[in-house]
Every structure is written in C-alpha cells, then in structure tokens.
Amino acid sequence: MQKAVLTAILLLTSATAFAFYDQPAFTYEGAFDYFIISKSLLADNQPQDYEDGVHQGDTSLGVAGTTAVLGADDVPPDAFVEKALLVWVVSKNSADQNAFGDNAVTLITPDGTEHAVTATQMGNGGTPDSLEFESYYKNEILSKYYYYLYRVDVTDIMKTYQEGDPDSPDQLSLTGNYTVKGVDDIYDCLADSNHAYCSSASMVGGWQLILIYGSKQIARKRLYFYYGMEWSSSTMSNPLTIHITGFELPDQAAVKLSVVTSDGDDVDSAKEFLRIKGNLTTNDFLILADQCNPPDLPFNNKFLNYNYKKQPTAECIIEFSYDVDTFLLQYDPNDTTGLINEHIKYGTNAFDFQIGTGSDIVLTNYMMMSVDTKLPAFDIPGMDEKYLLTNSTSPD
C-alpha cells in the first residue's frame, strides 16, 4: 500500500528571516523515486573570459527558453507521475526591491503541447518566504543583488500530459524533450554590463522539473523534500550550516541526496566545500565530492544525474549558474572505518550540512532525499581523506 504524506509548511512572517526549513515540506512512502530534469537559461556570448579563463553565463535565454531531455534510461518504462514541481530561478534587476518576479512561464511537454504555468502569487523582495516563492535582496555599498525563485506545482499538467488520448488505455511515456520559456526578467549582461552580476559573474537563470514518480520496478523508498534560500559568500571560516530532520534511517540504509543550489562557477581560485554529518556519529563532518565535484570546488556548475538503477550519467553535466549535486550514501559492511556508515547508522534522524564558500556566491534552493534498504554492491574507494565518491553503477 503506497501512501503520500503532505506535511504542513510554516510560512515566515518576515521576508528578511532567510532560512532553510529543517522539516520536510512533503514526504512520500512507497514504490516511488525522483528525477530532476534541468537546464540553464543563460548563454555565454561575451568575447572575454572571466577569472582563471572560465566562461560564465552572461546572456539571458529566458524569453525564448531552453530544452532538456529526459532519456529512456532515466526512469522506468512504466513510470507514472505522482507529483511534479517546476522551479525557475532568476537574477533580476536590483534597482527596485519591490519589483515583482515573473510568476508565469510556459512548459512544453514531449508531445509539443504548451502549458501555461502560473504561480498563485506574485512575489517581490518583500514577500514572505514560502514553498512557492522565495527571494533574496542584498544591498551593499558597491553592489546590489536581487534573486528570486518560484517552485510551482505542475502535477495536474504532467498527469494530463501522461494520460494522453482519453480513448486510449495506454499512458504516454515521461521521456522526451521538455522546454521552459517566457522567463522575461533575467538581467542580461550582454544588453547592459553595468551591474555586479556582470563584473562578478553572478548572473543566475535556470529551471528544474522535479518529477516524483511511481513504478513497479522501484524498490520501496521514503522521499523527503526540503527547501530554503540562503546566501553563502566568504564563509570558509564560518560555514553556513543547514539542519534537516523529520526522517529516521533504517538499518543498512541507502540514501540518495540531491543538493540544489544557484550561482557558483568553475573558478579554481574560489575555494569552497560541502560537508555532511549524521546526528548519531562522533566522527567529523564528511566531505561530499565526486568526479564532477572536487572536494574544494563542489559548486562548479557540474553534476551527475542518476537514473532509477542508480547509474550515473557517462559525463558531467555542465550548466551555467546552478548545481544539482547528487550523492549516494550507502551502507557497506566492509566500511570498517565508519567513513560513511557512521553518518547513516540505524536511527539517524537528522543531518547537518556545512557550506563554505570563498569569494564565490552560492544560494541554496532545495534538497531532495530518498531512503531505501535494498542494498546494491558498493566499494569504498581507497583514499586517505574523508571524500565521498558516488560513481556507483550497480543495479537497483
């Protein structure tokens, strides 16, 4: 018996009390998993490079839109939509904190149908935070920043698409091309470079479609969704700490964790880190890293996607202005040092994360976590330091 549990969302009364909520906004339990489709809404059209010769997004593609592909191997053939959220993130002209962010965009599903997606509210720099809308406005002496995001429920749109022809008993596949367009207020440095977004390479524009799906080919899992927009810059000695709870790990747990952030870049001199610690361990924080996310540069606009068999993409996905960094924390009976096992031991019901950034800017967005107890084979790579590599290609 599958069940979906929706938990209450606490709304802040002050738009300035930026916080990452420690309780899940919603949870699911059953034969469910998740997949995050994503694409940048930025292009690199400036003739010059930025620091360390690294190219950055400087031109908005928000109006025309961009397309991402959900591949045939990403989800099972019988996958059906249980819940879907469309997320878009923007760096907006900071001249007016009260200017509303664009709350209406278009989602094109693989059948070519254009669907109007409109948030229930129009938000600005003074709007209280909620699951659907958050913003961050920073007024510095030499520069101002105005970032906002929407997370809009598009479950009905996705279910209607998948039902297809009402006279046919067959549902449409979730796989194919997805396009998001009509995000019309991304600051464009190619049009006007006189802004901190341009001089500091901190333009943001991108979208994600979060699919929670069910399938007969999925082992039983519990899914948890957390959210919150927080700013991190120059925090190497005083890291931003995020605490999440509202779950409890079973014995011999297998955890898939996606940490989604905005901005970031691949400038090697801008050192940073991402760490995790389970609440029942006495060990130090564990550094989260993989072949696309070096231990000292995780927020580099490079990441792996994992399909329903927990197989990663063959190469790093590279997208301007955001990261969807996914890590596998899997119990291993041969982990005698407790490198991973100590952080996911039986009864663990909270994680603390540390985000340290140097000169770079990182904005948190959300985390998605799945937990199951069916264990694939997993070998801890030989290494001297506490790095977590997640290139597991074993079957679900």
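Keep in mind that what you see is a predicted model, and the values were worked out from it rather than measured. (Residues numbered from 1 in each chain as written. Predicted model: local features only at pLDDT ≥ 70, side-chain atom pairs only at ≥ 80, totals over all residues. Heavy atoms only, no water.)

1. As for the packing of aromatic side chains
Piece 1. Counted according to the given criterion, the structure contains 20 aromatic pairs.
Piece 2. Look at Tyr-148 and Tyr-150: their rings are 5.7 Å apart centre to centre, the planes differ by 75°, and that puts the pair in the edge-to-face class. One exposure class covers both Tyr-148 and Tyr-150, and it is buried.
Piece 3. Between Phe-303 and Tyr-322, the ring centres sit 5.9 Å apart and the planes meet at 40°, which makes this aromatic pair tilted. On the criterion of sequence distance, the pair formed by Phe-303 in strand E20 (residues 302–303) and Tyr-322 in strand E22 (residues 322–330) is long-range, its members being 19 residues apart.
Piece 4. Through a chain of ring-to-ring contacts, three or more aromatic side chains come together here, namely Tyr-136, Tyr-145, Tyr-147, Tyr-187, Tyr-197 and Trp-231.
Piece 5. We note Lys-256 situated over the ring of Tyr-34; from NZ or CZ to the ring centre the distance is 4.2 Å.
Piece 6. Here the basic side chain of Arg-275 rests over the ring of Phe-273, its NZ or CZ set 3.7 Å away from the ring centre. (Phe/Tyr/Trp six-rings, centres within 6.5 Å; stacked < 30°, edge-to-face > 60°. Buried < 20%, exposed > 50% of the residue type's maximum accessible area, 1.4 Å probe, protein only. Helix = DSSP H or I, 4+ residues; strand = E, 2+ residues; numbered from the N terminus. Lys NZ or Arg CZ within 6 Å of the ring centre and 35° of its normal.)

2. Digging into the environment of Ala-79
Piece 1. Positionally, Ala-79 belongs in the loop between strand E6 (66–70) and strand E7 (80–91).
Piece 2. Judged by its relative accessible area of 2%, Ala-79 falls in the buried class.
Piece 3. Spatially, the C-alpha atoms of Ala-79 and Leu-172 are 9.7 Å apart, while their sequence positions differ by 93 residues.
Piece 4. Beyond its immediate chain neighbours, meaning those up to four positions away, Ala-79 contacts Gln-162, Gln-171, Leu-174, Tyr-213, Gly-214 and Ser-215. (Contact = heavy atoms within 4.5 Å.)

3. Overview of the environment of Asp-129
Piece 1. Mapped onto the elements, Asp-129 comes out in the loop between strand E9 (114–118) and strand E10 (133–139).
Piece 2. For Asp-129, a relative accessible area of 0% corresponds to the buried category.
Piece 3. Between the alpha carbons of Asp-129 and Gly-228 there is a distance of 8.3 Å; along the sequence they are 99 residues apart.

4. Some remarks on the nonpolar core
Piece 1. One finds Leu-86, Trp-88, Met-158, Tyr-178, Trp-207, Leu-209 and Phe-225 to be the most contacted residues of the largest nonpolar core, which totals 75 residues.
Piece 2. Ranked by the residues each element gives to this core, the list is headed by E7, at eight residues.
Piece 3. Among all residues touching Leu-86, those that are not within four sequence positions of it are Val-105, Leu-107, Val-117, Tyr-150, Arg-151, Val-152, Val-154, Val-180, Trp-207, Gln-208 and Leu-209.
Piece 4. Counting residues in each nonpolar core, the second largest holds 29 residues, with Tyr-224, Phe-247, Leu-288 and Phe-351 among its members. (Core = buried A, V, L, I, M, F, W, Y, C linked by side-chain atoms within 4.5 Å.)

5. What about the sheet that holds strand E3 (residues 32–40)?
Piece 1. Taken together, the five strands give an open sheet; going across it, the order is E3-E13-E7-E11-E10, and neighbouring strands pair in antiparallel fashion. Every other strand in the sheet has two partners, leaving E3 and E10 as the edge strands with one partner each. Taken pair by pair, the neighbouring strands of this sheet meet at an average axis angle of 10°, ignoring direction.
Piece 2. Here E7 runs beside strand E11 (residues 144–153); their pairing, made up of seven bridges, is antiparallel. Bridge pairing in E11 links Leu-86 to Val-152.
Piece 3. Across the sheet, helix H1 (residues 155–163) is in contact with E7, E11 and strand E13 (205–214); its angle to E7 comes to roughly 130°. (Pairing = 2+ DSSP bridges. Axes fitted to C-alpha atoms, helices over the stretch in contact; angles between N-to-C directions.)

6. A few points about the confidence of the model for the protein
Piece 1. Confidence in the prediction of the protein, expressed as mean pLDDT, is 87, and 87% of residues score 70 or more.
Piece 2. Note that pLDDT drops below 50 for residues 1–17; the model gives that stretch 36 contacts with residues more than four away or on any other chain. (pLDDT = per-residue confidence, 0-100.)

7. Quick word on the pairing of E11
Remark: a regular strand shows side chains that alternate across the two faces of the sheet.
Piece 1. Taking burial as the measure, the 10 residues of E11 include eight buried ones, the bulk of the element.
Piece 2. With seven bridges joining them, E10 and E11 adopt antiparallel strand pairing. Across the sheet, Phe-133 pairs through a bridge with Tyr-150, a residue of E11.
Piece 3. Between E10 and E11, which pair antiparallel in sequence order, lie four residues.

8. Some details on the environment of Gln-354
Piece 1. Tracing the backbone shows Gln-354 in strand E23 (residues 350–357).
Piece 2. With 80 residues separating them in the primary sequence, Gln-354 and Leu-274 have C-alpha atoms 5.8 Å apart.

9. Let's talk about the pairing of strand E18 (residues 272–278)
Piece 1. Where burial is concerned, most of E18 is hidden: five out of the seven residues are buried.
Piece 2. By the bridge criterion, seven bridges tie E18 to E23 in an arrangement that is antiparallel. Opposite Lys-277, over in E23, you have Asp-352 as the bridge partner.
Piece 3. Bridging between E18 and strand E19 (residues 286–288) involves two bridges; their strand directions are antiparallel. Counted as the bridge partner of Ile-276 is Leu-286 from E19.

10. Quick word on the pattern of salt bridges
Piece 1. Within this structure, the stated rule accounts for 12 salt bridges.
Piece 2. For Lys-181, the salt bridge is made with Glu-114, and the minimal N-O distance between the two is 3.0 Å. With a gap of 67 residues between them, Lys-181 in strand E12 (residues 176–181) and Glu-114 in strand E9 connect regions that are remote in the sequence.
Piece 3. Looking at Lys-181, the relative accessible area reads 23%, which means it is partly exposed.
Piece 4. When its relative accessible area of 48% is taken as the criterion, Glu-114 is described as partly exposed.
Piece 5. Linking Arg-151 and Glu-134 is a salt bridge whose minimum nitrogen-to-oxygen distance equals 2.6 Å. With Arg-151 in strand E11 and Glu-134 in strand E10, the pair connects residues that are 17 residues apart, well separated along the chain.
Piece 6. Given a relative accessible area of 1%, Glu-134 falls into the buried group.
Piece 7. Each of Glu-29, Arg-220 and Arg-222 takes part in salt bridges that share partners, so that together they form one network. (Salt bridge = Lys/Arg side-chain N within 4 Å of Asp/Glu carboxyl O.)

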